[in-house]
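What follows is each chain in one-letter form.
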Amino acid sequence: MPKLHIKTFGCQMNEYDSSRMTDLLHASHGYQTTADAREADLVLLNTCSVREKAQEKVFSQLGQWRQLKLRRPQMVIGVGGCVASQEGAMILRRAPYVDMVFGPQTLHRLPAMLDRVFAAREKASPPREVDVRFPEIEKFDCLPPPRADGVKAFVSVMEGCSKYCTFCVVPYTRGTEFSRPFDDVITEIYELAERGVREVTLLGQNVNGYRGARHAGEKMNFAELLHYVAAVDGIGRVRFTTSHPLECTPQLARAFADIPELAGHMHLPAQSGSDRILRAMKRGYTAAEYVEWIAQLRAARPDISISSDFIVGFPGESGEDFAATMELIERVGYDQSFSFVYSARPGTPAAEFPDDVSAEEKKARLAKLQKRINEMSAEISARMVGGAERVLVEGASRKDASRLSGRTENNRVVNFDAPAKSSAENLRGEFVQVKITEALPNSLRGELLPPDNMTMAESRAAA
Ligand code: SAM
Ligand code: F3S
């Protein structure tokens, strides 16, 4: 069996794409994955260009693989993802040992590209493969059904972005928004559920902007999609990421009240709490509108946990602007954030904006923001101690195989003791109630509670 090694930079969308490449190349050429690039016949780099140093990171990784290829000339090297999409053939000029360059929307053409690479190798100067176009719809039609390994799975429902925030490269690297037809999405989820998946995470750059065609052609919105997904037999929990505040609707808020399978968590990137900066970012909402939306969510699901992305040090961000972001954080009360210092992306409007804030100041602001959100997160964990949480059992705990492990609705890992007979094998894929006994910095500890109709004593006797 030929061996495949994939290295992934960036977001969950890229992780998802990498898993689809693995499935595809397994189906087409029988590739088996390996964590060790040294023994791989095919190495693929799935790149991300959302923040700086992406190009440098890519060429430094490729430089390492070049050494491997010098020892094993038959090795095939491919570069995909957003840097590939931006740089295209330039990658081949700078790294002539690379065989294939493909984009986020052409990864389904990998098997054919690979065949052409093999065929061309017989020639003295083999042409190399570059295909970074955006033939959107074709991609999903050409991918094999996902292989479910485990009780959780990602399902991409929409791709690309048409929002063009002034700081972001995604619309240029992944193309404009398009939604997969409803029939395709729901069939994929039925198949995953049949293979034991109990939790699905619906993915998209602006997933709540889903507008997929129904069977008869008219469009379905995201809240409607959630109802259908939650109704699939076997699916006990539904998550989604990433959402855009402009795509939030009262119907989506109501979904949190009406759909018990919908996990009580929403990742809703605010980016900034300053209206001036939000305007310069072209986000399309004010801080007050964002807060109003959070209030609607909390009215529907009072204990919902909220996380966000923040960009600190956007060009021209004053001390006052940053204070407004900190104020927003206090008003919302976040559970987590992915926050970074602004990074100028070539080709985006904000890269031309004047910027007079020093790098030190930006770093200090970021540290302050992250410290506050970490405190909030620790407070939420501490408040969970003593309560009961619905947990999907994923298997044995990584650090201690005698314990079981799973995640709470607000996405915290919980490792918990269970009676001897409740082994990882017989509880994997079950939703159980766990009493939280301790909050640690990166996880929770707990103990399995008996099912509702069994007392503790009966449960011990059963064990
Ligand atoms: N759809 C999401 C939204 O509503 O904003 C964002 C998806 S974007 C690919 C992921 C995150 O990357 C953004 O939320 C933003 O915080 C961060 N990001 C994008 N461009 C950036 C840049 N130039 N500098 C720093 N962070 C950036
Ligand atoms: Fe980027 Fe803004 Fe779209 S952050 S992915 S352009 S919503």
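These numbers were taken from a predicted model, which means no experiment stands behind them.

**Quick look at the pairing of strand 1 (residues 3-8)**
Okay, step 1: The pairing of strand 1 with strand 2 (residues 32-33) spans two bridges and is parallel. Note that in strand 2 the partner of Lys-3 across the bridge is Gln-32.
Okay, step 2: Once the chain exits strand 1 it traverses helix 1 (residues 12-29) before rejoining the sheet at strand 2, and the crossover so formed is right-handed.
Okay, step 3: Of the strand pairs in this sheet, strand 1 and strand 3 (residues 42-47) are connected by five bridges, and their pairing is parallel. What sits directly across from Lys-7, in strand 3, is Leu-45.

**Regarding the pairing of strand 19 (residues 413-417)**
Okay, step 1: Two strands pair when backbone bridges link them, and strand 18 (residues 404-407) and strand 19 are joined in this way by four bridges, in the antiparallel orientation. When the bridges of strand 19 are listed, Arg-407 appears paired with Val-413.
Okay, step 2: The hairpin turn running from strand 18 into strand 19, its antiparallel successor, is five residues long, and Asn-411 in that turn takes a positive phi close to 70°.
Okay, step 3: One ladder, built from four bridges, connects strand 19 with strand 21 (residues 444-448); its direction is parallel. Within strand 21, the residue paired with Val-414 across the bridge is Leu-444.

**So, the sheet that holds strand 14 (residues 265-267)**
Okay, step 1: With parallel pairing, three strands are arranged side by side in an open sheet as 14-15-16. Looking along the sheet, the strands with just one partner apiece sit at the ends: strand 14 and strand 16 (336-341). The mean angle between the axes of side-by-side strands here comes to 10°, regardless of whether they run parallel or antiparallel.
Okay, step 2: As paired elements, strand 15 (residues 305-312) and strand 16 share six bridges and run parallel to each other.

**A short note on the packing of aromatic side chains**
Okay, step 1: Per the counting criterion, the structure on display carries nine aromatic pairs.
Okay, step 2: Ring centres of Phe-314 and Tyr-342 lie 5.4 Å apart, and the angle between their planes is 70°; this geometry places the pair in the edge-to-face category. Placement of Phe-314 in the loop between strand 15 and helix 13 (319-332) and of Tyr-342 in the loop between strand 16 and helix 14 (359-384) is noted, with a sequence separation of 28 residues between them. With respect to class, Phe-314 is no different from Tyr-342; both count as buried.
Okay, step 3: Site record: aromatic cluster; members linked through ring pairs are Phe-167, Phe-314, Tyr-342 and Phe-353.
Okay, step 4: Over the aromatic face of Phe-9 sits the side chain of Lys-57, whose NZ or CZ is 4.4 Å from the ring centroid.
Okay, step 5: Above the plane of the ring of Phe-431 lies Arg-390, whose end atom (NZ or CZ) is 3.9 Å from the centre.

**Thoughts on the site of ligand 1**
Okay, step 1: The immediate surroundings of ligand 1 are formed by 18 residues, with Gln-205, Gln-271, Arg-283, Asp-309 and Ser-343 found nearest.
Okay, step 2: The contact in question runs from a nitrogen atom of ligand 1 to an N or O atom on the backbone of Ser-343, over 2.7 Å.
Okay, step 3: Bound to the protein, ligand 1 loses 92% of the 570 Å² it would expose on its own.
Okay, step 4: Tallied by class, residues from the shell around ligand 1 come to seven nonpolar, seven polar and four charged.

Cut-offs used in this document
- The written sequence of each chain sets the order in which its residues are numbered from 1.
- By the order in which they are written, chains take letters starting at A while ligands take numbers starting at 1.
- The predicted origin of the model limits local features to residues at a pLDDT of at least 70 and limits the giving and counting of side-chain atom pairs to 80 or more, whereas totals for whole chains, interfaces and linings rest on all residues.
- With hydrogens and water stripped out, all remaining heavy atoms of the structure feed into the side-chain values.
- In this description, strands pair whenever DSSP reports at least two bridges between them.
- Elements are defined by DSSP. Helices are runs of H or I of four residues or more, strands are runs of E of two residues or more, and each kind is numbered from the N terminus.
- Viewed with both strands pointing away, a crossover whose connecting path from the first strand over the helix to the second turns clockwise is right-handed.
- Every angle, taken between N-to-C directions, lies between 0 and 180 degrees, and every axis is a line fitted to C-alpha atoms, over only the stretch in contact when it is a helix.
- In summary, the pairing rule links any two rings of Phe, Tyr or Trp, Trp by its six-membered ring, whose centres are within 6.5 Å, and it sorts them by plane angle into stacked for under 30 degrees, edge-to-face for over 60 and tilted for everything else.
- To sort residues, take the accessible area from a 1.4 Å probe on protein chains only and compare it with the maximum for the residue type: under 20% means buried, over 50% means exposed, and anything in between is partly exposed.
- Our definition puts a charge over a ring when NZ of Lys or CZ of Arg is within 6 Å of the ring centre and also within 35 degrees of the ring normal.
- Note on terminology: near, applied to a residue and a molecule or strand, indicates that one of the residue's heavy atoms is within 4 Å of it.
- We call two N or O atoms a polar contact when they sit within 3.5 Å, provided that within protein one can donate a hydrogen and the other can accept it, with sequence-adjacent residues counted only if both atoms are side-chain atoms.
- Here, Shrake-Rupley sampling with a 1.4 Å probe gives the accessible areas, and only protein chains in the shown set may cover a residue.
- Charged means Asp, Glu, Lys or Arg here, nonpolar means Ala, Val, Leu, Ile, Met, Phe, Trp, Tyr, Cys or Pro, and polar covers whatever is left, Gly included.

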